[in-house]
Amino acid sequence: MATRETHGLYGYLAEFREPWDLIDAAAKVRDAGYTRWDCHTPFPLHGLDRAMGIRGTRLPWLVLCGGLAGLTLALVMQWWMNAHDYPFLISGKPLFGLPAAVPVTFELTVLLSALTTFFGMWGLNLLPQHHHPLFGSERFRRATSDRFFISIEARDPLFQGERTREFLAGLGADAVEPVED
Amino acid sequence: MGILLTRDTIDNTAHDPARPQELITGGYDFTTLTDKVCGIVERPGAPRAWWVALGFMASLAAMMFAMIGYLIYKGVGVWGLNNPVGWGWAIVNFVFWVGIGHAGTLISAILYLLRQQWRTSINRFAEAMTIFAVVCAGIFPGIHVGRVWVVWWLFPLPNYQAMWPNFRSPLLWDVFAVGTYATVSLLFWYTGMVPDLATLRDRATTKVRKIAYGFFALGWRGSNRHWHRYEKAYLILAGLATPLVLSVHSVVSFDFATSQIPGWHTTIFPPYFVAGAIFSGFAMVMTCLIPAREWYGLKNIVTLYHLETMAKIILATGTMVGYAYATEFFIAWYGGNPAEQFAFINRAFGPYAWAYWIMVTCNVVSPQLFWFKKIRTSPAALLVICIFVNIGMWFERFVITVTSLSRDFLPAAWGYYRPTAIDILTFVGSFGLFFTLVLLFMRFLPMIAMAEVKTVMPQKHWEDKVSRPVGDYHGTNPEDR
């Protein structure tokens, strides 16, 4: 809602000193029906996923695809290179035998799974993103050290400027401040 | 060593099953822990001792590169390799360094899956060590090929001979195993470090730091929607690294085991190599961490409990290695193969008996002292024994590689292998490279995984609210699994 009140505003940021206060507050934000909001913590907080109502990620399925791709690639590569493109007879061994292909197949399966995990995770998280409005807040610097935050974005359909600010303050936050876009 | 190391004043090794193990002592909270770990990196000038150490280690590393330059200029004849011993120190050093790396992956992946919370204090350091050890390991086979300018033939890349590498050779399996291991270790280490790099970015006061840490922190802002996927990715990487670490030294052992040389052609090699790798890796973690925790004042984060637990792992794996030595002899006798029997009698009583008994003393006898709690909880004693283990594990690889080759089936072709000065200086120089990288790591990167340690810290007034640690890393809450 781009009213005059929210113009140039990214949202509100509420600071909490204790982790359990954040979890209680997050459950209330979720129940109030906000959708464009987030919690920021220096380490993964236990029970916060449930309090925020975050659903499971599809990352494992991507990794499965990556692993299967590695497996297929390794088998096809070994067969094609040693038995088809340049048949390479050595010590009377079969040109392509599954037992001898196992180590390389295993390694490439792991390699492609790991690369998918790494790039998939950052991709789904939309990182790297070196600029973000929250970095404008001096207070927010402690989000990676010893403070716990909730941010509600002005783009949220339920966002109501001053009322949202009061709502956050009522959750037991130590401080609530606006963040410029 | 006793002069350099003081005895720990805080002892948290007492075992009380009714209470959770105290992993961080000294009353740290989130703020002071961040200050402590970041303070090491943020200190404007490095301590004088650090510069002295760096200068010394970097010169050793430079010496290694000079030796490699000379090797490339003159050819592999500058080494002690000759018939019948075509695999000398280069292969010994390769296996030694790859083995060192294994502890890091074990701590970061296997102990993670086993929910061993004490790993959080040491995993960053151990993982860094893994990567540096693999760097050192990778150098040796690279320069051993003789014509280093065609080293890319190791990889299945199209070349002007229109030939492909032989995928039925264990040496090629090794290329894939070590390559995958290095890549996955690096991804795992970096992924774990991103939240801590963000901490350093947010505390940075100079422009250079803001840009450098900011770039590598990827814009991490501690979002819980990110943490959610991050933790899933971390779990998957741990799950992938677990079979990987066991496979790497298995594949390294295939280099030996799939050949027909007596003393190499045995099925016990893969598990025996893996146990030895973990054994030597933990010894190296201790060798680096004991001085580091002393000099940087990290005794409340890397506590006596951590050291004692690692000592127990060294005792267990050292005993496994001793058992493997005995099994080899038993099978040589029980298998009834005269060539195999000769290989083992020659190993223990032949011209390399001195190396064999150094190996047994260092690897089998010295860790047995860890049955005594007094020794397990004395940093000075731990350090000395761990250095012995490092020496012993190098000799193990020497004994395996050289004794079998020097006396194989044809007595007319027997020989005695001696390293040259170039061999020795190259190996010594690899320690220079390793410790140079360790020193740079300690100066510029957070050596304690802060975000992970915070999840296992005891909290003030915690009992009033929830009776469990706050962290999600270890899934201590069964209902959330």
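I tried to follow helix 2 (residues 48–74) of chain B on my own but got confused; where do I start?
Residue pairs three or four apart in sequence face the same way in an α-helix, which turns once every 3.6 residues. All names here are of chain B. With 27 residues, helix 2 ought to run about 39 Å at 1.5 Å a step, and its terminal C-alpha atoms sit 39 Å apart, in line with that. Looking at helix 2, one finds that the buried residues are Trp50, Leu54, Met57, Leu60, Ala61, Met64, Met67, Ile68 and Leu71. Residues of helix 2 that are buried sit in contact with helix 4 (123–144) and helix 14 (421–444). Of the residues flanking the end of helix 2, it is Gly75, one or two places downstream, whose phi is positive at about 110°.

Before we go on, may I ask you to explain the sheet that holds strand 3 (residues 148–153) of chain A in this structure?
All names here are of chain A. The strand order across the open sheet formed by four strands is 2-3-1-4, and the pairing between neighbours is antiparallel. Lying at the two open borders of the sheet, with one neighbouring strand each, are strand 2 (37–40) and strand 4 (175–180). Here the strands of the sheet are splayed against their neighbours by 20° on average, with no regard to which way each runs. Judged from the six bridges that link them, strand 1 (residues 9–16) and strand 4 form a sheet pairing that is antiparallel. Counterpart to Leu9 in the pairing with strand 4 is Glu180.

Just checking my understanding: could you explain the side chain of His40 of chain A for this structure?
Following the sequence through the fold, His40 of chain A ends up in strand 2. A distance of 3.1 Å separates a polar atom in the side chain of His40 of chain A from a polar atom in the side chain of Ser151 of chain A. Within polar-contact distance, the side chain of His40 of chain A engages the backbone oxygen of Arg221 of chain B at 2.9 Å. Excluding residues within four positions of it along the chain, His40 of chain A makes contact with Leu134, Phe140, Ala143, Arg147, Phe148, Phe149 and Ser151 of chain A together with Arg221, Gly222 and Ser223 of chain B.

Looking at this model, I keep getting lost on the interface of chain A and chain B. Mind explaining?
Buried accessible area, meaning the area lost when the parts come together, often serves as the stated size of an interface. Counting from both sides, the interface comprises 69 residues of chain A and, opposite them, 70 residues of chain B. Of all residues in chain A, Trp20, Pro44 and His46 of chain A bury the most surface against chain B, accounting for 12% of the area lost on that side. A salt bridge links Arg225 of chain B to Asp38 of chain A; the nearest nitrogen and oxygen atoms lie 4.0 Å apart. With 16 residues, helix 4 (residues 98–124) of chain A is the single largest residue contributor to the side of chain A that touches chain B. Looking at the side of chain A that touches chain B residue by residue, the class counts come to 41 nonpolar, 17 polar and eleven charged.

Is there a simple way to explain the side chain of Asn166 of chain B in this structure?
Along the chain, Asn166 of chain B falls in the loop between helix 4 and helix 5 (170–203). A polar side-chain atom of Asn166 of chain B sits 3.0 Å from the main-chain amide nitrogen of Arg168 of chain B. What Asn166 of chain B contacts, discounting residues up to four positions off in sequence, is Asn82, Phe88 and Ile90 of chain A together with Leu172 of chain B.

How do you make sense of the packing of aromatic side chains when you look at a structure like this?
Pairs of aromatic rings are described using the distance from one ring centre to the other and the angle between the two planes. All names here are of chain B. A complete count under the given rule lists 65 aromatic pairs over all chains for this structure. Measuring from centroid to centroid gives 5.2 Å for Tyr112 and Tyr234, while their planes differ by 75°, and the two rings are edge-to-face. Here Tyr112, found in helix 3 (residues 89–113), pairs with Tyr234, found in helix 7 (residues 224–257); they are 122 residues apart in sequence, far enough to count as distant. With respect to burial, Tyr112 and Tyr234 carry one shared label: buried.

I'm lost on the pairing of strand 2 of chain A in this one. Help?
Looking along a regular strand, one sees side chains alternate from face to face of the sheet. All names here are of chain A. Every second residue of strand 2 is oriented toward a common face, with Trp37 and Cys39 on one face and Asp38 and His40 on the other, all of them buried. The sheet contact formed by strand 2 and strand 3 spans four bridges and is antiparallel. Paired with His40 across the two strands is Phe149, which belongs to strand 3.

Is there a simple way to think about the pattern of salt bridges in this case?
It is possible for side chains of opposite charge to pair when their charged atoms get near one another. All names here are of chain A. Going through the model one piece at a time under the given rule, you end up with 20 salt bridges over all chains. Between Arg141 and Glu138 there is a salt bridge, with its nearest N and O atoms 3.6 Å apart. Residue Arg141 is classed as partly exposed on the basis of its relative accessible area of 30%. Among the salt bridges present, the one from Arg165 reaches Glu162, with a minimum N-O distance of 4.0 Å. Note that Arg165 and Glu162 are positioned in helix 5 (residues 162–169) at a spacing of three residues, about one turn of the helix. Several salt bridges share partner residues, and in doing so they unite Glu15, Arg139, Arg142, Asp146, Arg147 and Glu177 into one network.

So what exactly am I meant to see when it comes to the nonpolar core here?
Soluble globular proteins tend to bury their nonpolar side chains together. One finds Ile150 of chain A together with Trp97, Phe398 and Phe434 of chain B to be the most contacted residues of the largest nonpolar core, which totals 193 residues. The dominant element in this core, judged by the number of residues it contributes, is helix 3 of chain B, at 17 residues. Summarising the domain contributions, this core has at least three residues from each of domain 1 (23–56 + 132–152 + 168–181) and domain 2 (59–124) of chain A. Among all residues touching Phe434 of chain B, those that are not within four sequence positions of it are Trp97, Met129, Phe132, Ala133, Cys136, Met284 and Cys288 of chain B. In this structure, Ala74 and Leu111 of chain A together with Trp164 and Val175 of chain B belong to the second largest nonpolar core, which totals 14 residues.

Conventions we followed
Residues numbered from 1 in each chain as written. Chains lettered and ligands numbered in written order. Predicted model: local features only at pLDDT ≥ 70, side-chain atom pairs only at ≥ 80, totals over all residues. Heavy atoms only, no water. Helix = DSSP H or I, 4+ residues; strand = E, 2+ residues; numbered from the N terminus. Expected span 1.5 Å × (residues − 1). Buried < 20%, exposed > 50% of the residue type's maximum accessible area, 1.4 Å probe, protein only. Contact = heavy atoms within 4.5 Å. Pairing = 2+ DSSP bridges. Axes fitted to C-alpha atoms, helices over the stretch in contact; angles between N-to-C directions. Polar contact = N/O pair within 3.5 Å; in protein donor to acceptor, adjacent residues only side chain to side chain. Buried area = accessible area lost by both parts, 1.4 Å probe. Salt bridge = Lys/Arg side-chain N within 4 Å of Asp/Glu carboxyl O. Nonpolar A, V, L, I, M, F, W, Y, C, P; charged D, E, K, R; others polar. Phe/Tyr/Trp six-rings, centres within 6.5 Å; stacked < 30°, edge-to-face > 60°. Core = buried A, V, L, I, M, F, W, Y, C linked by side-chain atoms within 4.5 Å. Domains from an automatic or database assignment.

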